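Observations on the three-dimensional arrangement
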Amino acid sequence: MASKKTGILIGGSGLIGGTIVNYYKNHYPNAVDIRAPSSKKLSIREENDIRRYLKEVKPNFIINAAMANLGSGAQLAFEVNYQGPVNLARAANSLKIPYIHISSSATLPSGENLQEEDTLPISPKLSNYAKSKLMAETTLKLMAEQEGLDYTCVRLAIVYGAHDHKIQGFHRLFFSIADESMPVLFTKKNTLHSYSNARKLPHFIRHILENRGEFSNKTYHFVDKNPVDLATLILTIKSYLHLNQPKEIYVPYWIANSGRNGLNILLRILRRIGLKATLPPELMFLDSFYKPQTLSSDRLKNSSFIDPMPEESIFTRLPELVVYYLTRWSHENLISTFNENLEIERPVEQYFMRNPQQLINETHARGIGPFSDMLED
Ligand SMILES: NC(=O)c1ccc[n+]([C@@H]2O[C@H](COP(=O)([O-])OP(=O)(O)OC[C@H]3O[C@@H](n4cnc5c(N)ncnc54)[C@H](OP(=O)(O)O)[C@@H]3O)[C@@H](O)[C@H]2O)c1
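A brief structural summary. From a predicted model like this one, the values you see are computed outputs, not experimental measurements.

Calculation criteria
Residues numbered from 1 in each chain as written. Predicted model: local features only at pLDDT ≥ 70, side-chain atom pairs only at ≥ 80, totals over all residues. Heavy atoms only, no water. Helix = DSSP H or I, 4+ residues; strand = E, 2+ residues; numbered from the N terminus. Buried < 20%, exposed > 50% of the residue type's maximum accessible area, 1.4 Å probe, protein only. Contact = heavy atoms within 4.5 Å. Areas by Shrake-Rupley, 256 points an atom, 1.4 Å probe, with all protein chains shown as cover. Near = heavy atom within 4 Å. Polar contact = N/O pair within 3.5 Å; in protein donor to acceptor, adjacent residues only side chain to side chain. Nonpolar A, V, L, I, M, F, W, Y, C, P; charged D, E, K, R; others polar. Phe/Tyr/Trp six-rings, centres within 6.5 Å; stacked < 30°, edge-to-face > 60°. Lys NZ or Arg CZ within 6 Å of the ring centre and 35° of its normal. Salt bridge = Lys/Arg side-chain N within 4 Å of Asp/Glu carboxyl O. Pairing = 2+ DSSP bridges. Axes fitted to C-alpha atoms, helices over the stretch in contact; angles between N-to-C directions.

**Comments concerning the overall build of the protein**
Secondary structure summary: the protein contains 15 helices and 12 strands in total. The buried share of the protein, taken over its 377 residues, is 49%. Restricting the contact set of the protein to residue pairs at least 6 apart, pairs at least 24 apart contribute 80%. Total accessible area on the protein stands at roughly 19,400 Å², and carbon and sulfur atoms take up 53% of it.

**A short note on the environment of serine 296**
The topology assignment puts serine 296 in the loop between strand E12 (293–295) and helix H12 (298–301). Judged by relative accessible area, serine 296 falls into the buried class, the value being 2%. For the pair serine 296 and histidine 221, spaced 75 residues apart in sequence, the C-alpha to C-alpha distance is 6.9 Å. Once you skip the residues sitting within four places of it in the chain, serine 296 turns out to touch Asn113, Leu114, Gln115, Glu116 and His221.

**Examining the site of the ligand**
Around the ligand sit 26 residues in total, of which Ser13, Ile16, Ser39, Tyr129 and Lys133 are the nearest. In this structure, an oxygen atom belonging to the ligand sits 3.4 Å away from a main-chain N or O atom of valine 159. Starting from 910 Å² of accessible surface for the ligand in isolation, the protein chains cover 87%. Among the elements that make up the shell around the ligand, the one with the highest residue count is strand E4 (residues 99–104) (3 residues). Considered class by class, the residues forming the shell around the ligand number 14 nonpolar, 9 polar and 3 charged.

**As for the packing of aromatic side chains**
When we look at a pair of aromatic rings, we describe it by the centre distance and by the angle of the planes. With the rule as written, the count across this model stands at 19 aromatic pairs. Measuring from ring centre to ring centre gives 6.3 Å for phenylalanine 170 and tyrosine 195, while their planes differ by 85 degrees; the resulting arrangement is edge-to-face. Separated by 25 residues along the polypeptide, phenylalanine 170 in helix H5 (residues 169–178) and tyrosine 195 in strand E9 (residues 195–197) bring together distant segments of the chain. The residues phenylalanine 170 and tyrosine 195 share a single accessibility class, namely buried. Following the ring pairs from residue to residue traces out a cluster consisting of Phe170, Phe174, Phe175, Tyr195, Tyr324, Tyr325 and Trp329. Residue placement shows arginine 206 over the ring face of tyrosine 28; its charged tip is 3.9 Å from the ring centre.

**Here's the deal with the pattern of salt bridges**
Applying the stated criterion to the full structure yields 15 salt bridges. We note a salt bridge from arginine 52 to aspartate 49, for which the minimum N-O separation is 3.9 Å. Taken as a pair, arginine 52 and aspartate 49 lie in helix H2 (residues 47–57) at a separation of 3 residues, close to a single helical turn. The closest approach of N and O atoms between lysine 200 and aspartate 307, which form a salt bridge, is 3.0 Å. In this pair, lysine 200 sits in the loop between E9 and helix H6 (201–210) while aspartate 307 sits in the loop between H12 and helix H13 (314–331), placing the two residues 107 residues apart along the sequence. Salt bridges linked by common partners bring Arg199, Glu312, Arg317 and Glu320 together as one network.

**Examining the sheet that holds strand E6 (residues 151–156)**
Across the sheet, 6 strands lie side by side as E2-E1-E3-E4-E6-E10; this open sheet has parallel pairing. Looking at which strands have only one partner, the edges of the open sheet turn out to be strand E2 (32–35) and strand E10 (218–222). Going across the sheet, the axis of each strand differs from the next one's by a mean of 20 degrees, ignoring polarity. Summarising the sheet, E6 and E10 pair through 5 bridges and their orientation is parallel. Considered in E10, the bridge of threonine 152 is made with lysine 218.

**Looking at unusual backbone geometry**
Residue glutamine 245 is joined to proline 246 through a cis peptide bond whose omega torsion reads 10 degrees. Along the polypeptide, proline 246 turns up in the loop between helix H8 (230–240) and helix H9 (253–272). The backbone phi angle of asparagine 113 is positive, close to 55 degrees, even though this residue is not glycine. Within the fold, asparagine 113 resides in strand E5 (residues 111–114). Of note, the phi angle at asparagine 333 is positive, near 60 degrees, even though the residue is not glycine. Mapped onto the secondary structure, asparagine 333 falls in the loop between H13 and helix H14 (347–354). On the basis of relative accessible area, asparagine 333 is assigned to the exposed category, the value being 68%.

Right, here's the structure in full:
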């Protein structure tokens, strides 16, 4: 029997990291010991923490799914999104083990069918998040070319999945609809974006760790094959929730942007008199609501990775995510508008009636072997 491997995952309390940890713990408890130290135990802002922890644990691989909060200032973004990943990669290289780096489509411009190489130029004007993620991608590539680092960069677009405790990205948009704070549509017709499915990602991570020869020193767009129109998605969520808004009125960009600029001026004044005030996260991404960004998935499709749930998309996952997040947010008193008796068609019922093969595929992908934690030695 192959010996048990040890993997270190940074960012285990987050949406992406948590999903990866759960996957390994549920499916491969006997094959992989996955350690996910909290940021208190191992802060990647501290080079010494990284060196001490990795020397002690001597892992077989490192996965970095940490990020500084989206609205973070320059120092934090630099340390967590750039310096930390570089130091983790340096440590991985010293131990001669693979380093898996999670990156973001924030490193790409807007546009359609973007290839892995189509990154933005590094410029002072970029947001702290985009700049620091782009800087990390740049240095990691160089470390592979010049220092022999074995790494893979997995670039995600807009992520959907359960356990987003911080309510960011897609879940923030969903929250604004559920909270009825989006009266009209802040987008224009046919604005397509790529989406990444959090629960498929761990399957890919495991596959690339098992097949280093093929995946080493490459970047992959890990996105669903079909991009999604933002307005269609918003209106689908609205109809699931039986809400009257947002109304199907498309607010032109110049109006939305002048509203944001006005708010920015107000916030600057508030900050000057000593109050802590930042732009709501949904407004930070206003531009992207009006511009398409679709990532090519050709490299992923042409690789040896086989999608374990090919039928799954954000639309097929929505009913389950709606129930999950609404229950959670209403229990946390974050929203008051949720009707607990709302009849939302559950995905299992939906598939059982219309697409039983999908349920079979999903069950097989989740595993049909004996429960490993019940096996007697
Ligand atoms: N969510 C998306 O829509 C999306 C889209 C594209 C790409 N991504 C990428 O996916 C990755 C994970 O994102 P996510 O959405 O899962 O983020 P998240 O939910 O905000 O989680 C971030 C994680 O980073 C950890 N962290 C922060 N500072 C740290 C430090 N100094 N040392 C160690 N850990 C630290 C946090 O730990 P604490 O809670 O203890 O601080 C948390 O576990 C990031 O690389 C991000 O760029 C995400």
